[in-house]
Amino acid sequence: MSVIHSVKLLGIGILVAILSLEGLNWLYFRLRQRCSGRPLKEVLFFPTTVTCIEHLFQPHPRVSPCLCRLPHGLETPFTRLLRHLLSARFTLDLCIFAFSSQELCRAVLLLHRQGVVVRVLTDKDYMAIDGSQIGSLRKAGIAVRHETGDFHMHHKFAVADRRLLITGSLNWTATAVQGNKENVLVTEDAAFVRPFLREFEELWDANDPARLSFGPALS
């Protein structure tokens, strides 16, 4: 057996071990939450350490190790955020002020390709800035509406499967994730999820282009 072949096998073994350990930690965490009978509650603080996140987008472990120079196998606030976001199986409602993070856009596009029904509400001014990912979402066929009033749509929250709330100060931008002091609350507590669902539906209806085109009904 050549030295190169041995090194490749060793690399594959290390990668599998890292992914297996990370997967087991995640599974343990989720099972512990379920068995405790208490809804998920987690607080994430940013900025985050920049790490490789490719394994979060791969349905199966890579055959060969990722060769990028970023740290691998680390659990960070951002990987936790991505895991929660990617846990959506049926619906994802996003109410986002600024959305320029390519990694978060990639996660939303992946969910859309997997059949998750995605709706996005955003700010009319910030959706047009350089680097905004809203155009990519629209191009992929995701339903997007924007605030039509005179003030900013400044919310930053997401609801997955109408049961998991992700909210906080964090804008979905690289600057917020990697530089700013930010916070994110993740919870399945229905007492908190329900008001955000109502707010989303009210804003979604209020900014329906069809309703705005026809104007108020005549009496």
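These numbers were taken from a predicted model, which means no experiment stands behind them. (Residues numbered from 1 in each chain as written. Predicted model: local features only at pLDDT ≥ 70, side-chain atom pairs only at ≥ 80, totals over all residues. Heavy atoms only, no water.)

Some remarks on the environment of threonine 51
Considering the arrangement of structural elements, one finds threonine 51 in the loop between strand S1 (41–46) and helix H2 (77–86). Each C-alpha atom, one on threonine 51 and one on leucine 70, is 5.2 Å from the other, the two residues being 19 residues apart in sequence. Residues within four places of threonine 51 in sequence aside, it is in contact with Leu70, Pro71, Leu74, Thr76 and Thr79. (Helix = DSSP H or I, 4+ residues; strand = E, 2+ residues; numbered from the N terminus. Contact = heavy atoms within 4.5 Å.)

Considering the pairing of strand S6 (residues 164–168)
Summarising burial for S6: four of the five residues are buried, a large majority. The loop that links strand S5 (residues 156–160) with its antiparallel partner S6 comprises three residues; one of these, aspartate 161, has a positive phi angle of about 55°. Direction of pairing for S6 relative to strand S7 (residues 182–187): antiparallel, over a ladder of four bridges. The residue of S7 that forms the bridge with glycine 168 is valine 184. (Buried < 20%, exposed > 50% of the residue type's maximum accessible area, 1.4 Å probe, protein only. Pairing = 2+ DSSP bridges.)

As for the layout of surface pockets
There is about 240 Å³ of room inside the second largest pocket. Lining of the second largest pocket is provided by 18 residues; of these, Val50, Thr51, Ile53, Phe78 and Glu103 occupy positions nearest its centre. Put simply, the parts of the chain that give the lining of the second largest pocket at least two residues each are helix H3 (102–113) and helix H5 (174–178). Of the residues assigned to the lining of the second largest pocket, the class counts are eight nonpolar, seven polar and three charged. (1 Å grid on protein atoms, 1.4 Å probe; cavity = no way out; pocket = protein on both sides within 12 Å on 5 of 7 lines; lining within 4 Å. Points joined across faces, edges and corners; volume = space filled by probe spheres on them. Nonpolar A, V, L, I, M, F, W, Y, C, P; charged D, E, K, R; others polar.)

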